[in-house]
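This is what each chain is made of:
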Amino acid sequence: MVPITTLHYLVVAAALFVLGVIGVLTRRNVVVVLMSIELILNAVNLNLVAFSRVWGLHGQIFSIFVITDAAAEAAVGLGILIAFFRNKETVNVDEVDLLKW
Amino acid sequence: MAQYFTGTDYLLSLPVVLLTLFALGILLIDLMLPKQLKWVNAVTAFAGVLFATAGVWRIQAVYAKGAGGYLGRFAFMQSMLVDRFAIYFFYLFLAGTALAILISVRYLEIENEHHGEFYALMLLSVVGMMCMAAGYDIVLIFIGLELMAISTYVLVGFLRRDRRSNEAALKYLLLGAFSSGIFAYGLSLFYGLTGSTNLRAIGNALQHQMMVRNGHADPVAVLALITTATGLLFKIAAVPFHQWAPDAYEGAPTSITGFMSVAVKAAAWAMLLRILVFGLYPLRSVYLPLIIFVSIATMTGANLAALTQNNLKRLLAYSSIAHVGYMLLGLVALASVDYTQPAFYDGFKGILLYLMVYTFMNLGAFAVITSLRNREVIGDEIDDIAGLYFRAPTEAIMMLIFLLSLAGIPPLAGFYGKYFIFLSLIESKHYVLASLAVLYAVFGLYYYMRIANSMLMREPLEKELLPLSWGMRAALGVTAVATVFIGIFPNWFIEAVNWSLGLTQATPIAGLMK
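Residues numbered from 1 in each chain as written. Chains lettered and ligands numbered in written order. Predicted model: local features only at pLDDT ≥ 70, side-chain atom pairs only at ≥ 80, totals over all residues. Heavy atoms only, no water.

### Considerations on the overall build of chain A
- When you go through chain A residue by residue, the secondary structure sums to three helices and zero strands.
- For 101 residues, the compact-globule formula gives about 13 Å, and the C-alpha radius of gyration of chain A, at 17 Å, lies well above that figure.
- In terms of its C-alpha atoms, chain A occupies a principal-axis envelope of roughly 55 × 25 × 25 Å.
- Burial analysis of chain A (101 residues in total) assigns 40% to the buried set.
- Contacts spanning at least 24 positions in sequence make up 56% of the contacts within chain A whose residues lie at least 6 apart.
- Accessible surface, chain A as shown: approximately 5,700 Å² in total, 71% of it carbon and sulfur. (Helix = DSSP H or I, 4+ residues; strand = E, 2+ residues; numbered from the N terminus. Rg over C-alpha atoms; globule rule 2.2 N^0.38 Å. Buried < 20%, exposed > 50% of the residue type's maximum accessible area, 1.4 Å probe, protein only. Contact = heavy atoms within 4.5 Å. Areas by Shrake-Rupley, 256 points an atom, 1.4 Å probe, with all protein chains shown as cover.)

### Things to note about a nonpolar patch on the surface
Residues and elements named next belong to chain B.
- Together, Y4, F5, Y10 and M77 make up a nonpolar patch on the protein surface, roughly 470 Å² of accessible area in all.
- Position of Y10 relative to the elements: it lies in helix α1 (residues 7-12).
- When its relative accessible area of 49% is taken as the criterion, Y10 is described as partly exposed. (Patch = residues over 30% accessible without salt bridge, like charges linked within 9 Å, V, L, I, M, F, W, Y side chains within 5 Å. Salt bridge = Lys/Arg side-chain N within 4 Å of Asp/Glu carboxyl O.)

### A word on unusual backbone geometry
- Cis geometry marks the peptide bond from V239 of chain B to P240 of chain B, where omega comes out at 5°.
- As for its placement among the helices and strands, P240 of chain B is situated in the loop between α9 (219-236) and α10 (244-251).
- Positive phi outside glycine occurs at E89 of chain A, with the angle close to 60°.
- Examined against the element boundaries, E89 of chain A turns out to sit in the segment after α3 (58-88).
- Overall, E89 of chain A belongs to the exposed group, its relative accessible area being 59%.
- A positive phi angle is found at N112 of chain B, which is not glycine, with a value near 60°.

### A word on the packing of helix α16 (residues 393-407) of chain B against helix α17 (residues 413-427) of chain B
All names here are of chain B.
- Contact pair α16 / α17: the axes reach a minimum separation of 6 Å and the direction vectors enclose 10°. The angle between α16 and α17 places the two elements in the roughly parallel class. Across the interface between the two elements, S405, L406 and A407 of α16 pack against A413, G414, F415 and K418 of α17.
- Each residue belonging to the contact of α16 with α17 can be placed in one class, and the counts come to four nonpolar, two polar and one charged. (Axes fitted to C-alpha atoms, helices over the stretch in contact; angles between N-to-C directions. Parallel < 35°, antiparallel > 145°, perpendicular 65-115°, else oblique. Nonpolar A, V, L, I, M, F, W, Y, C, P; charged D, E, K, R; others polar.)

### Thoughts on the interface of chain B and chain A
- With 44 residues of chain B at the contact, the number on the chain A side is 43 residues.
- Carbon and sulfur atoms make up 75% of the surface buried where chain B meets chain A, a total of about 3,700 Å² over both sides.
- Counting the contacts that link chain B with chain A gives zero salt bridges.
- Along the contact surface separating chain B from chain A lie six residue pairs in polar contact (both at pLDDT 80 or more).
- The leading source of residues in the side of chain B that touches chain A is helix α7 (residues 163-194) of chain B, at 24 residues.
- Looking at the side of chain B that touches chain A residue by residue, the classes come out as 22 nonpolar, 11 polar and 11 charged. (Buried area = accessible area lost by both parts, 1.4 Å probe. Polar contact = N/O pair within 3.5 Å; in protein donor to acceptor, adjacent residues only side chain to side chain.)

Keep in mind these numbers describe shape, not what the thing actually does.
Encoded structure:
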């Protein structure tokens, strides 16, 4: 039985971060892109909480702020998406094509 | 029990507190106002900015005199450092916001979207900016960044019925949130590496680690630096992280485009300088090649893309990206020498002076574009400005001044921003970069003169005179006078920048580096 160390948490966080980045870059649906951004922020939280096992409480406090920020961002994001959907009837990023070059 | 917050802390956060209270007040007053009295919100917001300015002035008078070698004061358990650098940026943000409020009123009435939330969000985003400029703890800097960014996302999408505005807000939000996520990941790694969220403690720990490893950086530190720098470069819109900027600038309400291009950009720069120069200074040999690459890419990409634009807002968006490229050269100069060298200070001075000059000239140019919005005309194509000289001669001449200043023609303000940047590049022996920058400045002249050509030489499409509101006249007057004045009497303003870096006192900024 391998004991679970801080490193294990960091590897999981790094994997989540990479998945989030891939999700943002490849997915078409805006809602899924927003979820991928949440994945990135959760990777940050996991990192911070894992590090605060070593360094003390600062990281946990930072992660509470990051959680709050993620909630605010999601709320504004969905609000903007609804305004967009009312005018254009789509949630696909590749149909967001009015502004280019 | 230790006393965590003292009265000093509250005085040092006075501008932030005042702006928050005014923003909340606007939200309440807005509920009571009938539709034709919505301009009261603008007056309230303007008063808020004035009160905050008075607060900053008070802080400057009490805590930044330089007595006893102190150029500023820590607040809230060292998470905030209100020093001269921060105070300089406070003034820039407040000036940019005041001017943007002046040009917004009539524009919002024409768009039929005159709501109190607009001004409240503007003030709240200034609160975020102040936290970024004065933040000395990565938690506070991150929260300030997000407060500014989220307020700006909503402001960009403020014209709910306009599809371009919706689309711009959506793109800005997705890319902005993505970059904030990457940035936060980098910050979490720095916390893990150094065990602190305080910038100075992070810098000291990194310095120590570099020494233990014989001057080589830890691979994890390099990863953390790259992710953090990606987030920072996204926020200042440097190529290759710039794609959100032209779209967000084109779709946003024009007065917000002006606001974003000066205040939001200055805040992003304040954050970048705080983190890269004050906090991560020991890693400068690692980020120097990255910044050199990004600055060349930014100047090349933005100047070439601007050549073919027909939309004025988009053209000025690319031009503002190009200006970021020049400012990054200042960072190149200051990162490639030690902080005892003159190139360090000239680079730093160049960036700060550039941001001040840019605030006035760019907001002036956007004010002119805002005034083109009329009942029937959207007014952001290069054809819409045709023959402006015959419809509003004074305004056309002011626009010419702004354009020449943006191009960096000597007797005007824009020249001095570029002057110190190029000087610092030569002092730090980056001759190739300096010549490249001069070459690209010529490209800039071409696309600015395209606007001037359309404005002065072509027949107007609309014949009647352009109506100008009083707020617009005031904003145009202030920006035009400032652009000319800084150009003719640069010494006072260079002194102000020296002051903000503490160069007129015995303890220069180097005291903070150690």
